Amino acid sequence: ALLGAPLDENSSFLTGAAEAPAAVREALASDSTNWSTECGLDLAALRDAAAGWTDAGDTAADLDAIRGAVAAELDAGRRPLVLGGDHSVTLPVLRALAARHGALTVLHLDAHPDLYDELDGNRLSHACPFARAFEEGLVRRLVQVGVRTMNDHQRRQAAKFGVQTLPPGCWNPNSLPELAAPLTVKSAVLKPS
């Protein structure tokens, strides 16, 4: 199930991530979309999931609405693919997944570790979701791939929580550590300017 999380209230710099779900939905509905891959895989299931797309949350007060929407998809037997929003949407997604599956292993693909204790006085900042997730016992293991912007504070946080970080240039797909279930993947994709 595709689930939009149009929230960027917790961004410390640029906003616009809240527009991502609508932009993705528009692209998926385009007549020019081809649902077959180069390898011949038919992605019709993605098209069908896009037809039932829902959005949850559009303000900082809606983090719990995002958690509830993810939980509802899990209760319906669907695997939610959450799109949009600043990185603060990670926390309610992890809350819903951990409530269902217990503490998670997370494979995090991003340039930023999102481990601040707080940023600009905001403990729910887009830069903090993994600190909150560890504190709440939602994550038992975090493997971060591609992190290139870790300051001293975040290094201390990574050590405190036992985070495994694989910077760019120090890993390849064949060198990823073994990842145990329950596993979730969090990735950041930035729109090129």
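Just so it is clear, the model here is predicted, and its values are computed rather than measured.

Chemist: How should I be thinking about unusual backbone geometry in this particular structure?
Modeler: Positive phi outside glycine occurs at Asp114, with the angle close to 55 degrees. Along the chain, the position of Asp114 falls in the loop between β4 (104-109) and α5 (129-135). A positive phi angle, close to 55 degrees, is found at Asp120, a residue other than glycine. Here Asp120 lies in the loop between β4 and α5.

Chemist: I keep staring at the pairing of strand β5 (residues 139-145) and nothing clicks. Help me out?
Modeler: Look at any regular strand and the pattern is simple: side chains alternate between the two faces of the sheet. Most of β5 sits out of view: 5 of its 7 residues are buried. Sheet topology note: the β4/β5 ladder contains 6 bridges and is parallel. Residue pairing across strands places His108 opposite Gln144, the latter belonging to β5. The parallel pair β4 and β5 is bridged by α5, and the resulting crossover is right-handed. Bridging between β5 and strand β6 (residues 164-166) involves 3 bridges; their strand directions are parallel.

Chemist: Got a minute to help me understand the nonpolar core in this structure?
Modeler: The nonpolar side chains of a soluble globular protein tend to be buried with one another. Leu94, Val106, Leu115, Leu138, Val139, Leu142 and Val163 are the most contacted members of the largest nonpolar core, which totals 30 residues. Mapped onto this core, the elements with two or more residues apiece are α3 (63-75), α4 (90-101), β4, α5, β5 and α6 (152-161). Ignoring sequence-local partners within four residues, the contact set of Val163 consists of Leu115, Phe134, Leu142, Gln144 and Ala158.

Chemist: Is there a simple way to explain the pattern of salt bridges in this structure?
Modeler: Any two side chains of opposite charge can pair, given that their charged atoms come close. The tally for this structure, following the rule as stated, stands at 9 salt bridges. As a salt-bridge pair, Arg100 and Asp75 come within 2.3 Å of each other at their nearest N and O atoms. Highlighted residues: Arg100 in helix α4 and Asp75 in helix α3, separated in sequence by 25 residues. In this structure Asp75 comes out as exposed when scored by relative accessible area, which is 61%. Here Arg123 makes a salt bridge to Glu135, at a shortest N to O gap of 3.2 Å. A residue pair is termed long-range when its members are at least 10 positions apart, and Arg123 in the loop between β4 and α5 and Glu135 in helix α5 qualify at 12 residues. Accessibility expressed as a relative area gives 40% for Glu135, which makes it partly exposed. When salt bridges with common partners are traced through the structure, they connect Asp117, Arg123, Arg132 and Glu135 into a single cluster.

Chemist: Please clarify how the environment of Leu104 should be interpreted in this entry.
Modeler: Tracing the sequence through the fold places Leu104 in strand β4. A C-alpha to C-alpha distance of 6.2 Å links Leu104 and Leu138, two positions 34 residues apart in sequence. Apart from residues lying up to four places away in sequence, Leu104 is in contact with Leu94, Leu97, Ala98, Leu138, Val139, Arg140, Arg141, Pro182 and Thr184.

Chemist: Help me out: how do you make sense of α3 in this one?
Modeler: An α-helical turn contains 3.6 residues, so any two residues separated by three or four positions project in the same direction. Here α3 contains 13 residues, and its C-alpha end-to-end distance of 18 Å stays within 8% of the 18 Å for a straight helix at 1.5 Å per residue. Of the residues making up α3, those classed as buried are Leu63, Ile66, Ala69, Val70, Ala71, Glu73 and Leu74.

Chemist: Mind showing me how you'd approach the packing of α3 against α4 here?
Modeler: For any two helices packed against each other, the geometry is given by the interaxial angle and the distance between the axes. The interhelical angle for the contact between α3 and α4, taken along N-to-C directions, is 40 degrees, at an axis separation of 8 Å. Put simply, α3 runs oblique to α4. Crossing hand, α3 versus α4: right-handed. Between α3 and α4, the residues in contact are Leu63, Ile66, Arg67, Val70, Ala71, Leu74 and Asp75 and Pro92, Val93, Arg95, Ala96, Leu97 and Arg100, respectively. Here the contact of α3 with α4 is composed, by residue class, of 9 nonpolar, no polar and 4 charged.

Conventions and cut-offs
Residue numbering note: each chain is counted from 1, following its sequence as written. Residues qualify for local features only when their pLDDT is at least 70, as the model is predicted, and side-chain atom pairs are given and counted only at 80 or more; totals for whole chains, interfaces and linings, by contrast, use all residues. Hydrogens and water molecules were not included; the side-chain quantities draw on all heavy atoms of the structure. Numbering of helices and strands starts at the N terminus; helices are DSSP runs of H or I of at least 4 residues and strands are runs of E of at least 2. The buried label applies to any residue whose accessible area, calculated with a 1.4 Å probe on protein chains only, is under 20% of its type's maximum; exposed applies above 50%, and partly exposed to all values in between. The pairing criterion is simple: DSSP has to find at least two bridges between the two strands. Classification remark: right-handed applies to a crossover when, strands pointing away from the viewer, the course from the first strand over the helix to the second runs clockwise. By nonpolar core we mean a set of buried residues, namely Ala, Val, Leu, Ile, Met, Phe, Trp, Tyr and Cys, connected to one another through side-chain atoms within 4.5 Å. The criterion used for residue contact is that any of the two residues' heavy atoms lie within 4.5 Å. Salt-bridge detection follows one rule: a side-chain nitrogen of Lys or Arg within 4 Å of a carboxyl oxygen of Asp or Glu. Helix span, expected: 1.5 Å multiplied by one less than the number of residues in the helix. Geometry is summarised by axes, namely lines fitted to C-alpha atoms with helices restricted to the contacting stretch, and by angles between N-to-C directions that run from 0 to 180 degrees. When an angle is under 35 degrees it counts as roughly parallel; over 145 it counts as roughly antiparallel; between 65 and 115 it counts as roughly perpendicular; any other value is oblique. Take the far helix as your reference; a near helix turned counterclockwise from it by less than a right angle gives a left-handed crossing, and one turned clockwise gives a right-handed crossing. Three categories are distinguished: nonpolar for Ala, Val, Leu, Ile, Met, Phe, Trp, Tyr, Cys and Pro, charged for Asp, Glu, Lys and Arg, and polar for the others, with Gly belonging to the last.

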